[in-house]
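Structural characterization, general
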Amino acid sequence: MLELAVDDRRRSPGSKPHRPRKQVDMRAPSRFTAILAVLAMAAMSPGTVRVAPEPTGASPFAVSDPAPRTAGSGTAVGPEGTSVVVGAAQVVVPPDAVPAGHTFRIADTLAIRRNAAEIYGQPVGLDHDAPLAKPVTVRWTLPLLSDVQRASLVLVRWDSQRNAWRPEPEVPFRIEDDVLVADLDEFSFWDWVANVGQVVGEIVGVRKDGPTCGGAELPVWVRDVVDPDEGMSAAAIRVCFEADHDDIVTVRVVNNRTFTQQLVMSQGGQRWAWTWPGPDGFDVSAALDGAAHLALDSDTAYLLPPLTEVAVGIDRPSEPGSVVIAAKASATPISVLVDVLRFALDQVNIGGFDNPLLNALVQATFECGGQQLLARPDLSDAAQFVQVAIDAIGTCATEIRRSDSEFGMRFEQLSLAAIKKVGKVGDDVVIKANRLAYQAAGAFKALTFAKMAFYVSDQLQNAAVGPLSFSVRGDGRPPQLGAWTPSCGDVRADANLLYRNLALQDAFRDTAKQLWEYPDWDSASATAVRPLKTCSTSYLRDLAVELSNGWADRKSAEIVADKIRALVAAVDPKVIGFGGVGTFTLGLTATELGAMGFANKGNQYSGMTAECVGYAKSGSPLTFSVESKTGRVLSINTAGTDPSLRTEIGGIRVGSTLADVRKAFAGYEIEEHLAADFGQGSNGVIINGPSGSIGLSLTDATPTDYASGRPTVSFLNGVGVPGHAPTNKEDGC
């Protein structure tokens, strides 16, 4: 068996030194009179607290294991069997347990005196030169033991090579009245060992001073903070805020209660940027708290040990806009689990940081207990929390003492890791640590609800006040200016997206000013509207109107609207894109064309009532094919021999080669109509883009020339919606 090692080297807040905290160690009384005393004091403030119990002596690792000693030659026993009393033990060798022709000898052992940490029984030994044919029964008469001491009992066997009493938790035993009975089929020296336990200290009232934070201004994104303990020294938590680096806010938190609380992110969708468990401690309580952090904390929940200062980091939210980040401190089933285990460990003396397996035991118990508590989301009050936590720890203690169980194997795994981390350590120390861990696990099963009555009283008093929260209100991290995607179809939605991309920049966070008063508002507006270049000119005109009329700050909005109108004016009328030609887009309608002076010229083959008609205007090089039923533009047709007319992608114009077209539009679908099938016996290509299709006529050439890409573009036909690219076909539209 053997951790986890508490290496909770989480990042400490900022680079500033931290005030050493006052070391206050919380322990629980183990006697009923002490419990009554606590309950009598419950009417005081919720600051009633138990000081650390005084150990009954030095650390169990301060002394070596006592070796079994003998006096005299012992008692011979043959195949007939015998019963021999050795001190407080009776050794019963049944008939035929000793093989024929052999004589075994029961040792005359001396009793072992109890030491500072452990109580030993009467060692028994059987010297044999052949295997036992039947088990030998040993009956130990137990001295007066407390319930905790009795629960911690474990059988041990002397390891002469390592000079240590090795625990044998897999060997069963039973207790009949005050007699421990074990049937043993393999011998050297055997005994039982129990943990002495601890003596309870005095009860005092105590509070924890509030934390102290630096005076530097908080990061610029923070607008205000809410401190739950302002003016209340008795508040359940006491907090202060200070600036860290990288836009992080450090929140120093003092748990001003005598029990563990859990700090949980309750609003804002944030995770801790980092956590700091406070100054290092080197006692059992510190080991327990460190293991609890490792086993039970999460990205959004952090344990607050009793009367301890910790710190957490809160980063700037990634989403722009106003955000409230809040965290709530309260007793939860998880925090109660920590306190119940803290109380259980108070009852035994298993050493502190000099016990390399302490962390392994604590972490395995937390992992096991946490798993059981997750299955009980119905818990609602302190009394329920405590009872379920006691039951969980008792069940987990049984699990840990079984090497074939899930958490017995987990304890072994953690123990091996702990031994490896400690490095050079004597085998006798490892065996003793293992033995003490088994004793502690056994003692956990002696926990009762009555023993935790003082704790429930403290919890119920605090529940009347309710949990406390702190909060940080501020602005989320702004997006990169100009990094947004317009819909090009919903002016209200795009006006809102544009506002959030522009107005929520840190440069404009001072609400005492109007946006137009900032000297950078004009240039920032020009950058923010750039993504709108992909929208049609008619849509841009509508969006500019929406901004002018829709934003409350008309003067600031008009500056942005002017930048949008400038996009329309900047469009080159000679450029063909997938969305249109120049300022004319495929999103136009017959009504809009009419407003611009274009008239319905009908269809030269089917007249004015054809499904597709042409719109034209005197002096314009463009004509429009319009669907009569819907009025939507199907294609924009050009006078394609104009040498200045070109495609937006690749700058393809009259005279460009087919090879140029293929290179410029690599990644797009290119339909090559090279078998006189582009209309009127001609050849050409159709390039299909995301929102439209461009048609280009090619010079006549041989198949070999087309394959080589040497033929040139003879005419730029225009652009149409998908499936309606302009070609040389005679459709009269």
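Before reading further, recall that the structure is shown in the block above.
Residues numbered from 1 in each chain as written. Predicted model: local features only at pLDDT ≥ 70, side-chain atom pairs only at ≥ 80, totals over all residues. Heavy atoms only, no water.

1. Things to note about the overall build of the protein chain
When helices and strands are tallied, the protein chain shows 16 helices and 37 strands. The buried share of the protein chain, taken over its 733 residues, is 51%. Total accessible area computed for the protein chain in this model is approximately 31,800 Å², and 52% of it derives from carbon and sulfur atoms. (Helix = DSSP H or I, 4+ residues; strand = E, 2+ residues; numbered from the N terminus. Buried < 20%, exposed > 50% of the residue type's maximum accessible area, 1.4 Å probe, protein only. Areas by Shrake-Rupley, 256 points an atom, 1.4 Å probe, with all protein chains shown as cover.)

2. Some points on the state of the cysteines
In this structure the tally under the stated criterion is 3 disulfides. Two residues share a disulfide in this structure: Cys213 and Cys240, whose sulfurs sit 1.9 Å from each other. Of note, the bridge from Cys213 to Cys240 carries an S-S torsion of about 80° and is right-handed in sense. Within this pair, whereas Cys213 is found in the loop between strand E16 (203–205) and strand E17 (222–226), its partner Cys240 is found in strand E18 (residues 237–243), the two being separated by 27 residues in sequence. Judged by relative accessible area, Cys240 falls into the buried class, the value being 12%. (Disulfide = S-S within 2.5 Å.)

3. Structural notes on helix H5 (residues 358–374)
If you check H5, its first and last C-alpha atoms are 24 Å apart, about what 17 residues at 1.5 Å a residue would give, namely 24 Å. Judged by how many residues are buried, H5 sits mostly within the fold: 13 of 17 residues are covered. (Expected span 1.5 Å × (residues − 1).)

4. Focus: the sheet that holds strand E21 (residues 272–276)
In spatial order, the strands read E18-E19-E23-E21; together these 4 strands make up an open sheet with antiparallel pairing. One side of each edge strand has no neighbouring strand; the edge strands of this open sheet are E18 and E21. Strand-to-strand, the axes of this sheet are offset by a mean angle of 20°, without reference to chain direction. (Pairing = 2+ DSSP bridges. Axes fitted to C-alpha atoms, helices over the stretch in contact; angles between N-to-C directions.)

5. What to know about the pattern of salt bridges
With the rule as written, the count across this model stands at 34 salt bridges. Of the charged contacts, one joins Arg435 and Asp65 as a salt bridge, the two residues approaching to 2.7 Å between their closest N and O atoms. A residue pair is termed long-range when its members are at least 10 positions apart, and Arg435 in helix H8 (residues 427–444) and Asp65 in the loop between strand E2 (54–55) and strand E3 (75–77) qualify at 370 residues. The pair Arg435 / Asp65 is uniform in exposure class, with both members buried. For Arg402, the salt bridge is made with Asp404, and the minimal N-O distance between the two is 3.3 Å. Its relative accessible area of 53% is what places Asp404 among the exposed residues. (Salt bridge = Lys/Arg side-chain N within 4 Å of Asp/Glu carboxyl O.)

6. Points about the packing of aromatic side chains
This model, assessed by the stated rule, comprises 12 aromatic pairs. For the ring pair Phe578 and Phe665, a centre distance of 6.1 Å and an interplane angle of 75° mean the geometry is edge-to-face. Here the residue Phe578 occupies a position in the loop between strand E26 (575–577) and strand E27 (580–581), and Phe665 occupies one in the loop between helix H15 (658–664) and strand E34 (669–673), the gap between them amounting to 87 residues. Each of the two residues, Phe578 as well as Phe665, counts as buried. One aromatic cluster in this structure is built from Phe508, Tyr518 and Trp521. The ring of Trp516 has Lys555 sitting right over it, with the charged end atom 3.6 Å from the ring centre. (Phe/Tyr/Trp six-rings, centres within 6.5 Å; stacked < 30°, edge-to-face > 60°. Lys NZ or Arg CZ within 6 Å of the ring centre and 35° of its normal.)

7. Examining the packing of helix H10 (residues 491–503) against helix H11 (residues 521–528)
The geometry of a pair of packed helices is captured by two quantities: the angle between their axes and the separation between those axes. Close contact between H10 and H11 brings their axes to 10 Å; oriented N to C, the two are set at 135°. Of the possible angle classes, the one that applies to H10 and H11 is oblique. Pair H10 / H11 crosses with right-handed handedness. Of the residues in H11, those touching H10 at Leu498, Asn501, Leu502 and Ala503 are Trp521, Ala524, Ser525 and Ala528. Along the lines of polarity and charge, the residues of the contact of H10 with H11 split into 6 nonpolar, 2 polar and no charged. (Parallel < 35°, antiparallel > 145°, perpendicular 65-115°, else oblique. Left-handed = near helix turned anticlockwise from the far one by under 90°. Contact = heavy atoms within 4.5 Å. Nonpolar A, V, L, I, M, F, W, Y, C, P; charged D, E, K, R; others polar.)

8. Examining unusual backbone geometry
A positive phi angle, near 60°, is found at Asp177, a position not held by glycine. In this model, Cys488 sits at a positive phi of 60°, which is unusual for a non-glycine residue. Residue placement: Cys488 occurs in the loop between strand E25 (468–475) and H10.

9. Some thoughts on the nonpolar core
With 49 residues, the main nonpolar core has Leu341, Leu361, Phe366 and Phe444 as its most contacted residues. Those elements that provide at least two residues to this core are helix H3 (284–296), helix H4 (333–346), H5, helix H6 (382–400), helix H7 (406–422) and H8. Once you skip the residues sitting within four places of it in the chain, Leu361 turns out to touch Ile350, Ile400, Phe411, Ala437, Ala440, Ala441 and Phe444. The next biggest cluster of nonpolar side chains, apart from the first, holds 34 residues, and it includes Leu622, Ile687, Val713 and Leu716. (Core = buried A, V, L, I, M, F, W, Y, C linked by side-chain atoms within 4.5 Å.)

10. Brief notes about the environment of Pro711
Relative to the helices and strands, Pro711 resides in the loop between helix H16 (703–708) and strand E37 (713–720). Ignoring anything within four residues of it in the chain, the contact list for Pro711 reads Ser656, Thr657, Leu658, Thr699, Ala701, Asp705 and Tyr706.

Worth remembering: the numbers are spatial, not functional.
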